[in-house]
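Close look at the chain arrangement
Listed here are the chains, written in short residue letters.
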Amino acid sequence: RPEDALGSILRGKKIVVVGDPHQLPPTTFFDRVDNDTFDEEKTAIEDTQSILNICLTTFPKKRLLWLYRSDHPSLIAFSNRHYYDNNLIIFPSSGQKGCGVFSHYVDGATYQKGRNRKEAETVLAAVAVHLKSRSNLSLGVAAMNRDQADLMEDILDRVMKQDPLLEKR
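Here goes a summary of the coordinates provided. Everything quoted here is computed from the prediction, not taken from an experiment.

Moving on: the packing of aromatic side chains. The full count for this structure, using the stated rule, is 1 aromatic pair. Judged by centre distance (6.5 Å) and plane angle (65°), the ring pair of F78 and Y83 falls under edge-to-face. For Y83, a relative accessible area of 40% gives the class partly exposed.

Looking now at helix α5 (residues 146-162). Across its 17 residues, α5 extends 25 Å between first and last C-alpha, which sits within 8% of the 24 Å expected from 1.5 Å per residue. Listed in full, the buried residues belonging to α5 are Q148, A149, L151, M152, I155 and M160. Looking straight down α5, one finds its buried side chains confined to an arc of 165°; they lie on one side. When the buried face of α5 is taken as reference, the exposed residues oriented beyond 90 degrees from it are R146 and K161.

Once that is clear, we can look at a nonpolar patch on the surface. On the surface, I15, V17 and F59 cluster together into a nonpolar patch covering about 230 Å² of accessible area. Within the element layout of this structure, F59 appears in the loop between α2 (51-56) and β1 (66-67).

What follows is about the nonpolar core. A120, L124, V127, A128, L131, L151, M152, I155, M160 and L166 form the largest nonpolar core, which has 10 residues in total. Contributing elements (two or more residues each) for this core: α4 (117-133) and α5. Of all the elements, α4 adds the most residues to this core, at 5 residues. Residues contacting M160, with those up to four places away along its chain left out, are L166 and E167.

Attention shifts here to the side chain of H130. Position of H130 among the secondary structure elements: in helix α4. Among the residues examined, H130 registers a relative accessible area of 10% and is labelled buried. Beyond its immediate stretch of four places on either side in the chain, H130 contacts S135, L137, S138 and L139.

This next bit is on the packing of α4 against α5. Contact geometry of α4 with α5 gives a least axis separation of 9 Å together with a crossing angle of 50°. Accordingly, the angle class assigned to the pair α4 and α5 is oblique. Here α4 runs over α5; the crossing is right-handed. Contacts from R117, E119, A120, E121, V123 and L124 in α4 reach Q148, L151, M152, I155, L156 and R158 in α5.

The next thing to look at is the pattern of salt bridges. As enumerated under the stated definition, the model contains 5 salt bridges in all. Residue E121 pairs with R117 through a salt bridge whose shortest N-O separation is 3.7 Å. Of this pair, E121 and R117 both sit in helix α4, 4 residues apart, which is roughly one turn of that helix. According to the relative accessible area criterion, E121 is partly exposed, its value standing at 35%. Between D150 and R146 there is a salt bridge, with its nearest N and O atoms 3.1 Å apart. Of this pair, D150 and R146 both sit in helix α5, separated by 4 residues, roughly a single helical turn. Shared partners join several salt bridges into a network, and the residues in it are R146, D150 and E153.

Calculation criteria
- Residues numbered from 1 in each chain as written.
- Predicted model: local features only at pLDDT ≥ 70, side-chain atom pairs only at ≥ 80, totals over all residues.
- Heavy atoms only, no water.
- Phe/Tyr/Trp six-rings, centres within 6.5 Å; stacked < 30°, edge-to-face > 60°.
- Buried < 20%, exposed > 50% of the residue type's maximum accessible area, 1.4 Å probe, protein only.
- Helix = DSSP H or I, 4+ residues; strand = E, 2+ residues; numbered from the N terminus.
- Expected span 1.5 Å × (residues − 1).
- Arc of directions from axis to C-beta.
- Patch = residues over 30% accessible without salt bridge, like charges linked within 9 Å, V, L, I, M, F, W, Y side chains within 5 Å.
- Areas by Shrake-Rupley, 256 points an atom, 1.4 Å probe, with all protein chains shown as cover.
- Salt bridge = Lys/Arg side-chain N within 4 Å of Asp/Glu carboxyl O.
- Core = buried A, V, L, I, M, F, W, Y, C linked by side-chain atoms within 4.5 Å.
- Contact = heavy atoms within 4.5 Å.
- Axes fitted to C-alpha atoms, helices over the stretch in contact; angles between N-to-C directions.
- Parallel < 35°, antiparallel > 145°, perpendicular 65-115°, else oblique.
- Left-handed = near helix turned anticlockwise from the far one by under 90°.

As structure tokens, this is what we get:
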């Protein structure tokens, strides 16, 4: 946050700020909100959550092109195409067949009140297949919101109770 960075910036002779405006910014979600302290005027620093945003409007920019944290090109393909003009150079992937991010259409899935049961069941069926056939490989599952994540955890708990092998893995 700007208020945390300003002291160091002012004491230094040079500054290098590294970040990516296409990534999620710092969050103040868990900060306490105090409604009694409203100022009539806000400065540019008070209006932003990131020292990066301030520096992007003031200092020269240089884009780094090498991406080394993505084990499979499909993990970054969407972002590379839509945010980085297909300019990112991605290190070779692990080469493991079936690794990466994939899109699967779930026919008849409907979203109601923050949840999509059919989608959750489809995802967890894929998780079960993975755990039974490729348990030596890690697997990450992401949900679009807390309600969907809770639903998937509930379904997973139920499925694991019915299948001791899944519970073990």
